[in-house]
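# A look at the structure
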Amino acid sequence: MPAGRSLDDALALLRREFDAEEGTFLFQLRGDGIQWDRVAFTRLERAMRTVCERLHDEEKLDRWLAEGFYYASRFVRDWTSHPSFPRPEPPQFHEDCLARLEDLADWFFRGWHVYQEPHVWPDL
């Protein structure tokens, strides 16, 4: 689990993110400023990773959580692919972030990720 992140903390952060509350990564993507906030992305990504790590054996998952993982993995790519969106530099960073969101959604829904263990998720 990412250092210092409890499951309760991760779930609370994801609830705020998936509701696109002010100050969250998803809010900032489409809010007044329309920006890619690297710090907010890192918080989102780490919370998603914590949830995947801690809930991978669960048989039942809350609908809001499933909807949020699905939405984040689809919306961010679609929204930030618009030619006018101010994507983060370098371009590879943006692509790596999009791939990470898709990998996390895949892991969340399957209960396992496609990488050979031991796998270390590098910070982006």
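Report follows, based on the coordinates. (Residues numbered from 1 in each chain as written. Predicted model: local features only at pLDDT ≥ 70, side-chain atom pairs only at ≥ 80, totals over all residues. Heavy atoms only, no water.)

Let us now look at the packing of aromatic side chains. Under the defined criterion, the tally for this structure stands at 12 aromatic pairs. Between tyrosine 71 and phenylalanine 75, the ring centres sit 4.9 Å apart and the planes meet at 5 degrees, which makes this aromatic pair stacked. With tyrosine 71 and phenylalanine 75 both in helix 4 (residues 63-80) and four residues apart, the pair spans about one turn of that helix. Cluster of aromatic residues (ring-pair linked, three or more members): Phe18, Trp64, Phe69, Phe108 and Phe109. (Phe/Tyr/Trp six-rings, centres within 6.5 Å; stacked < 30°, edge-to-face > 60°. Helix = DSSP H or I, 4+ residues; strand = E, 2+ residues; numbered from the N terminus.)

With that out of the way, let us pick up the nonpolar core. Of all hydrophobic cores here, the largest spans 33 residues; its most connected members are Leu14, Trp36 and Phe69. Ranked by the residues each element gives to this core, the list is headed by helix 3 (residues 38-55), at eight residues. Setting aside residues no more than four positions away along its own chain, phenylalanine 69 makes contact with Leu14, Phe18, Met48, Val51, Cys52, Leu104, Ala105, Phe108 and Phe109. (Core = buried A, V, L, I, M, F, W, Y, C linked by side-chain atoms within 4.5 Å. Buried < 20%, exposed > 50% of the residue type's maximum accessible area, 1.4 Å probe, protein only. Contact = heavy atoms within 4.5 Å.)

The interhelical angle for the contact between helix 3 and helix 4, taken along N-to-C directions, is 130 degrees, at an axis separation of 12 Å. Taken together, the axis directions place helix 3 and helix 4 in an arrangement best described as oblique. Crossing angle aside, the handedness with which helix 3 passes helix 4 is left-handed. Of helix 4, the residues touching helix 3 (which contributes Met48, Val51, Cys52 and Leu55) are Leu65, Phe69 and Ala72. The residue inventory of the contact of helix 3 with helix 4, partitioned by class, reads seven nonpolar, no polar and no charged. (Axes fitted to C-alpha atoms, helices over the stretch in contact; angles between N-to-C directions. Parallel < 35°, antiparallel > 145°, perpendicular 65-115°, else oblique. Left-handed = near helix turned anticlockwise from the far one by under 90°. Nonpolar A, V, L, I, M, F, W, Y, C, P; charged D, E, K, R; others polar.)

Here the focus is helix 5 (residues 91-110). Residues three or four positions apart in an α-helix share a direction because the helix packs 3.6 residues into each turn. In this model, helix 5 (20 residues) spans 29 Å end to end at C-alpha, consistent with the 28 Å of a helix rising 1.5 Å per residue. Here helix 5 has its buried residues at Phe93, His94, Cys97, Leu98, Arg100, Leu101, Leu104, Ala105, Trp107 and Phe108. Close packing links the buried residues of helix 5 with helix 3 and helix 4. Within two residues after helix 5, glycine 111 carries a phi angle of roughly 90 degrees, on the positive side. (Expected span 1.5 Å × (residues − 1).)

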